[in-house]
Amino acid sequence: MKPVPVLLITHDDLLWQHWRALDSTRWLAARGRGLADLQRWREQGRTLAVLDTDVPRLPSWQDPSWGPALAGLHLVAASPSPNDEQGTQALGAGAHGYCHSYAPAAALSQALEVVLSGGIWMGRSLVARLLKLVTERAQDSHSWDNGLLTEREITVARYAASGQANAQIAEALGITERTVKAHLSAVFEKLGVSDRLQLALLVHGISAPADTRSKITS
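What comes next is a walk through the structure. (Residues numbered from 1 in each chain as written. Predicted model: local features only at pLDDT ≥ 70, side-chain atom pairs only at ≥ 80, totals over all residues. Heavy atoms only, no water.)

## Digging into the overall build of the protein chain
Logical step 1: Counting secondary structure elements, the protein chain contains ten helices and five strands.
Logical step 2: For the protein chain, the residues scored as buried account for 44% of the 218 residues in total.
Logical step 3: The contacts of the protein chain with a sequence gap of at least 6 include a subset with a gap of at least 24, amounting to 60%.
Logical step 4: Accessible surface computed for the protein chain: about 10900 Å², of which carbon and sulfur atoms make up 52%. (Helix = DSSP H or I, 4+ residues; strand = E, 2+ residues; numbered from the N terminus. Buried < 20%, exposed > 50% of the residue type's maximum accessible area, 1.4 Å probe, protein only. Contact = heavy atoms within 4.5 Å. Areas by Shrake-Rupley, 256 points an atom, 1.4 Å probe, with all protein chains shown as cover.)

Structural data, given as structure tokens:
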């Protein structure tokens with residue numbers, strides 16, 4: 001099996017040396033220094049990347065430009081001082097993982113495996129925080145979508161955000177799975193989200209909908 005290319009974005013030479021300890025038989029590491037490198041990586045058809053959250057001039061995680069910038073990418077945000085607030089914001093912005101910058105190479109490799117397969121990587125305390133926020137911050141039916149969705153799309157979005165599979169949503173609403181998929185595609189496009197995790201964060205008031213779709217540049 002060929003190594004999987006992964007872009008490691010950092011200005012910190014010591015951190016770069018730490019990340020290079022990744023198993024070279026599994027990962028083919030390339031270095032980036034800013035978000036422009038991340039965009040070029042995607043243009044080359046690559047999808048996997050790790051971003052040092054201390055890279056200079058990064059936009060705020062609440063900046064709506066993250067949505068289109070990270071679309072189609074599997075990004076792990078790595079922080080030298082991880083905290084649940086930053087982790088929640090990074091995942092809401094479109095990252096698929098959040099970890100300590102200096103996590104052991106084996107742990108980072110495991111995180112990359114998870115996000116590459118379409119999963120989400122985060123620590124236990126962050127999972128607990130997200131579940132608590134979901135419970136505490138449920139919102140009114142139209143306060144989270146900026147009036148962008150139809151009533152049926154809102155209903156489908158709420159079912160999906162609660163963890164219901166397409167088949168379950170279809171059965172509950174008396175529609176086909178194909179129709180559910182069409183509604184979800186429309187929801188994702190209108191709200192500027194790329195997966196169900198981002199949708200759940202938005203529906204439950206943990207992140208805000210994108211009002212604009214500008215592109216990130218460094």
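From this point, things continue past the structure.
## Here's the deal with the packing of aromatic side chains
Logical step 1: Scanning all chains against the criterion turns up one aromatic pair.
Logical step 2: Centroid distance W61 to W66: 4.4 Å. Interplanar angle 20°. Geometry classified as stacked.
Logical step 3: Among the residues examined, W61 registers a relative accessible area of 10% and is labelled buried.
Logical step 4: With relative accessibility at 1%, the residue W66 sits in the buried group.
Logical step 5: Between R26 and the ring centre of W27, over which it is positioned, the NZ or CZ distance is 4.6 Å.
Logical step 6: We note R46 situated over the ring of W41; from NZ or CZ to the ring centre the distance is 5.8 Å. (Phe/Tyr/Trp six-rings, centres within 6.5 Å; stacked < 30°, edge-to-face > 60°. Lys NZ or Arg CZ within 6 Å of the ring centre and 35° of its normal.)

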